[in-house]
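# Summary of structural features
Given next are the chains, with one letter for each unit.
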2 protein chains.
Amino acid sequence: MTFEVTILGSSSATPIYGRHPSSQIINHHDHIHMIDCGEGTQQQLQRFGIRANKIRHIFISHLHGDHFFGLIGLLSSMHLVGRKEELHLYGPAPLKEILDLQLYHSQTTLRYDLFFHPTQHESPAVIFEDQLLRVSTFPLSHRIPCTGFRFDEKPRQPKVDMEKVKALEIPPVYYPLIKQGKGYRTADGDFYPSAELTIPSPAPRSYAYCSDTIYTPAYVTAIWNVNLLYHEATFLDEMRDRAEETYHTTALQAGLMAFETQAKELLIGHFSARYKQLEPLLEEASSVFEATQLAKEGATFKVKYAV
Amino acid sequence: MTFEVTILGSSSATPIYGRHPSSQIINHHDHIHMIDCGEGTQQQLQRFGIRANKIRHIFISHLHGDHFFGLIGLLSSMHLVGRKEELHLYGPAPLKEILDLQLYHSQTTLRYDLFFHPTQHESPAVIFEDQLLRVSTFPLSHRIPCTGFRFDEKPRQPKVDMEKVKALEIPPVYYPLIKQGKGYRTADGDFYPSAELTIPSPAPRSYAYCSDTIYTPAYVTAIWNVNLLYHEATFLDEMRDRAEETYHTTALQAGLMAFETQAKELLIGHFSARYKQLEPLLEEASSVFEATQLAKEGATFKVKYAV
């Protein structure tokens, strides 16, 4: 089952060196979600061949411009190209007023239904759920209200072990019950528990997005043990004071956070304009957490099953 | 004296085919002005090596997103890179509320002085003036309030004809008076009118920007006889009905407008997403007004002196 992250923007604050402000696409089983939407995101979608109209959910972490100034343009373009499918938007409450004001003055009535779901930054909360996935917010510690997002796959039922059930001549009508955990008793009176008749599905995967935040243990529990952690790494650790002043994280701290929360893999992004070359940031995070990669724009990262 | 237009965006409505929404830079004698600021304009400035901090005046024609969604990002980036110089912004009154709301929720207090000058779309008005240039608005006819902009050089004093004044041994202290139109009487009693002692400066040049608008005689007077006319040409004339419905202009109509208003040269832009190739639009406008060019992004067009 597909579960992957495509980076659209990796820059903090301002676009520079061809890098764009924050945005990424989460593809889970061909359900397309977007996290953050900095200026130029709709152009990035075009560049990487991702169809904007496939996006069903957009999650905005906070109201600094580099995380949402591209949203009004994206929503407007969806309208202009005739989108009909509903769209769900999650973000801080004032975002609705900001969008409404601009739509009002351009005399635009969106042709599709836009459902706005305000988020809060006081405590973790489940904000979206379907059969396969659960999305939650958790508080980050930034200069203004900000949340992270965690995507958790739901546990899937085991598969029926076809070899075994056929050998025992179990009628297919029993398969759904067996998958749900019921055992089966044969005509001979032998009892087979569900676990003997099924192949377990792989453990559910999880992804967490942490941008922007100071390095603090406050969200350790919320991102515990994810398969892939995206964490901002705005500065090198020699700029730790600056990171604290501006409520950002250093690459070393991002690595430590991945290590401490037992993440399987780490993706770092939200790079400061002071770094034209990103390898030093990668080296620094990797020094404490080896399975680290740079969130390069256009690259897609799989959320892998734990082995 | 420099007077030129650099195109940053040439697309209508949505970015497509690598084309960006409306924006352009007017350089008059190294005073840098911007007209409109669609999404991604700050990236376009970077691409073409234009320093955002040199911009002193920004003029916004109307509140459709493809003409101003890049403004908040540009203003924010100017703040983030430490701009100190004041900036003057001209546009429809609600623009201020839209910007203020976003700055408020991002808890941003701009480090530079931003002066907002609301425009009105009822009648022509001079909105900016310095020693060399006058900028005016005039009403266009679009779905929402919209103005065009006209940039007029002010007439310059003639130059003193150095050969003549030296031959007549006129003391330099008289030069400023001669340039202002006073004549000079020699010791012999001969009188030389100013016109005989000076070389006239070239006639002042003018540039007009018309986007977005339906084709109507209403603004013919306002753009009369400019050296360079930028006019939207959203559609081919086969789409004239669609142009009227959406309050836009066809390439043929843009050519006619240039012809009727005795423009010297025409630049067409604001191309619909339906045209991947732009040559047919150019051919159509050129068929009625030969001195037409496409507003290609990154290209700079001189506002030429009339010959």
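## So, the packing of helix α3 (residues 94-105) of chain A against helix α3 (residues 94-105) of chain B
- Remark: α3 of chain A packs on α3 of chain B, axes separated minimally by 10 Å, with the N-to-C direction vectors making an angle of 165 degrees. By the angle between their directions, the pair α3 of chain A and α3 of chain B is classed as roughly antiparallel. Crossing handedness for the pair α3 of chain A and α3 of chain B: left-handed. Across the interface between the two elements, Pro94, Glu97, Ile98, Leu101, Gln102 and His105 of chain A from α3 of chain A touch Pro94, Glu97, Ile98, Leu101, Gln102 and His105 of chain B from α3 of chain B.
- Along the lines of polarity and charge, the residues of the contact of α3 of chain A with α3 of chain B split into six nonpolar, four polar and two charged.

## Observations regarding the domain arrangement of chain A
- For chain A, the domain assignment lists domain 1 (3-153 + 202-220 + 291-302) and domain 2 (159-199).
- Each of domain 1 of chain A and domain 2 of chain A was reduced to a C-alpha centroid, and the two centroids are 43 Å apart.

## Considering unusual backbone geometry
- Across the junction of Ser211 of chain A and Asp212 of chain A, the peptide omega takes the value 5 degrees, indicating a cis bond.
- Looking at the secondary structure, you find Asp212 of chain A in the loop between β14 (206-210) and β15 (228-232).
- Although it is not a glycine, Tyr17 of chain B adopts a positive phi angle of roughly 55 degrees.
- Within the secondary structure, Tyr17 of chain B sits in the loop between β1 (3-9) and β2 (23-28).
- Phi at Glu169 of chain B takes a positive value of approximately 55 degrees, unusual for a residue other than glycine.
- Mapped onto the elements, Glu169 of chain B comes out in the loop between α4 (162-167) and α5 (175-179).
- Overall, Glu169 of chain B belongs to the exposed group, with 8 C-beta atoms counted inside 10 Å.

## With respect to the sheet that holds strand β5 (residues 87-92) of chain B
Residues and elements named next belong to chain B.
- The strand order across the open sheet built from seven strands is β6-β5-β4-β3-β2-β1-β18, with neighbouring strands paired in mixed fashion. With partners counted over all chains shown, the strands left at the sheet margins are β6 (114-119) and β18 (300-302), one partner each. Averaged over neighbouring strand pairs, the angle between their axes works out to 20 degrees when direction is ignored.
- Both β1 and β2 contribute to a ladder of six bridges, which runs antiparallel. The residue bridging Val5 from the neighbouring strand is Ile26, located in β2.

## Focus on the pairing of β14 of chain A
Residues and elements named next belong to chain A.
- For β14, a buried count of five out of five residues is recorded, marking the element as mostly surrounded by other parts of the structure.
- Looking at chain direction, strand β9 (residues 147-153) and β14 are connected through four bridges and run antiparallel. By the bridge assignment for β14, Arg150 is matched with Ala208.
- In the sheet, β14 pairs with β15 via four bridges, with the strands oriented parallel. Its bridge partner lying in β15, Cys210 is registered against His231.

## With respect to the environment of Leu252 of chain A
Residue and element names in this part refer to chain A.
- Within the element layout of this structure, Leu252 appears in helix α8 (residues 251-260).
- For the pair Leu252 and Val226, spaced 26 residues apart in sequence, the C-alpha to C-alpha distance is 19 Å.
- Discounting chain neighbours no more than four positions away, the residues touching Leu252 are Asp237, Glu284, Ala285 and Val288.

## Some points on the relation of the copies chain A and chain B
- For the pair chain A and chain B, the best superposition has an RMSD of 0.1 Å and corresponds to a rotation of 180 degrees with a translation of 0.0 Å parallel to the axis. Overall, the copies show the geometry of a two-fold rotation axis. Every residue of chain A has its C-alpha some distance from the rotation axis, and the shortest such distance is that of Gly40 of chain A, at 2.6 Å.
- Of the interface residues in chain A, 100% have counterparts in chain B that sit at the interface too, so the contact is made through matching surfaces.

Calculation rules
- Residue numbering note: each chain is counted from 1, following its sequence as written.
- Here the convention is simple: chains get letters from A, ligands get numbers from 1, in the order in which they are written.
- pLDDT decides what is reported in this predicted model: residues at 70 or higher carry local features, side-chain atom pairs at 80 or more are listed and counted, and totals for whole chains, interfaces and linings draw on all residues regardless.
- Axis definition: a line fit to C-alpha positions, over the contact stretch in the case of helices; interaxial angles, taken between N-to-C directions, run 0 to 180 degrees.
- Every helix listed is a DSSP run of H or I at least four residues long, and every strand listed is a run of E at least two residues long, numbered separately from the N terminus.
- Roughly parallel here means an angle under 35 degrees, roughly antiparallel means over 145, roughly perpendicular means 65 to 115, and every remaining angle is called oblique.
- In this scheme, a crossing is called left-handed if the near helix is turned counterclockwise away from the far one by less than a right angle; it is called right-handed if the turn is clockwise.
- With C-beta atoms placed from the backbone, a contact is any residue pair whose C-beta atoms sit within 7 Å.
- Here the term charged refers only to Asp, Glu, Lys and Arg, the term nonpolar to Ala, Val, Leu, Ile, Met, Phe, Trp, Tyr, Cys and Pro, and the term polar to all other amino acids, Gly among them.
- Note that domain bounds follow an automatic or database assignment of domains.
- Exposure classes come from backbone-placed C-beta atoms, where a residue is buried if 20 or more other C-beta atoms lie within 10 Å of its own, exposed if 12 or fewer do, and partly exposed in between.
- Think of it this way: DSSP has to see at least two bridges between two strands before they count as a pair.
- Least squares is the method used to superpose the copies, on C-alpha atoms of residues holding a pLDDT of at least 70 in both.

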